[in-house]
Amino acid sequence: MTNLLSALPDAVSSEINEVLAQAEHIRIERIVSQGQASREEFWYDQDENEFVLLVQGSARLQFEDETVEMKAGDWINIPAHRRHRVDWTTPDGKSVWLAVFYE
């Protein structure tokens, strides 16, 4: 057994993505952010659906048609090809995400 919040890596210089489990049509990742945001001109446009749960911290996601403020416990399901970017993450602490990518 492992705890999602134990042994969090240092994410000051860059966001850390770790694959926790995967199978043919699903991938589960722990993402640790600390003040990171997507580059201004960058948008994710993924072939997979993405279920995202913010476990710890705060963040803001930007979509082409809306901005979503997230706090610990909030989740969102992002359909494949819905363009989005990370607009802001907590700079003075770690934001921990559980992301499930699926077809």
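The coordinates are above.
What you see is a predicted model, and the numbers here were worked out from it, not measured in a lab.

Bringing a negative patch on the surface into the picture now. A surface patch of negative charge is lined by Glu-24, Asp-45, Asp-47 and Glu-103. Along the chain, the position of Asp-47 falls in the loop between strand 2 (26–33) and strand 3 (49–56). Residue Asp-47 is classed as exposed on the basis of its relative accessible area of 65%.

Both trends apply: most residues other than glycine have a negative phi, and most peptide bonds are in trans. Of note, the phi angle at Ala-7 is positive, near 50 degrees, even though the residue is not glycine. With respect to the element layout, Ala-7 can be found in the segment before strand 1 (16–23). Even without glycine at this site, His-81 takes up a positive phi of about 70 degrees. Locating His-81 in the fold gives a position in the loop between strand 6 (75–78) and strand 7 (84–89). Judged by its relative accessible area of 47%, His-81 is partly exposed.

With that settled, the discussion passes to the sheet that holds strand 1. Consider a sheet: its strands pair through backbone hydrogen bonds, and that pairing is either parallel or antiparallel. Pairing is antiparallel in the open sheet, where 5 strands are placed in the order 1-2-8-3-6. Two strands in the sheet have a free side with no partner beyond their single neighbour: strand 1 and strand 6. For this sheet, the mean angle separating the axes of adjacent strands, direction not counted, is 20 degrees. Where strand 3 lies against strand 6, 4 bridges are found, and the strand directions are antiparallel. In the sheet register, Glu-50 faces strand 6, and the bridge partner there is Ile-78.

Criteria and cut-off values
Residues numbered from 1 in each chain as written. Predicted model: local features only at pLDDT ≥ 70, side-chain atom pairs only at ≥ 80, totals over all residues. Heavy atoms only, no water. Patch = residues over 30% accessible without salt bridge, like charges linked within 9 Å, V, L, I, M, F, W, Y side chains within 5 Å. Areas by Shrake-Rupley, 256 points an atom, 1.4 Å probe, with all protein chains shown as cover. Salt bridge = Lys/Arg side-chain N within 4 Å of Asp/Glu carboxyl O. Lys, Arg positive; Asp, Glu negative; His and termini not counted. Charge placed at Lys NZ, Arg CZ, Asp CG, Glu CD. Helix = DSSP H or I, 4+ residues; strand = E, 2+ residues; numbered from the N terminus. Buried < 20%, exposed > 50% of the residue type's maximum accessible area, 1.4 Å probe, protein only. Pairing = 2+ DSSP bridges. Axes fitted to C-alpha atoms, helices over the stretch in contact; angles between N-to-C directions.

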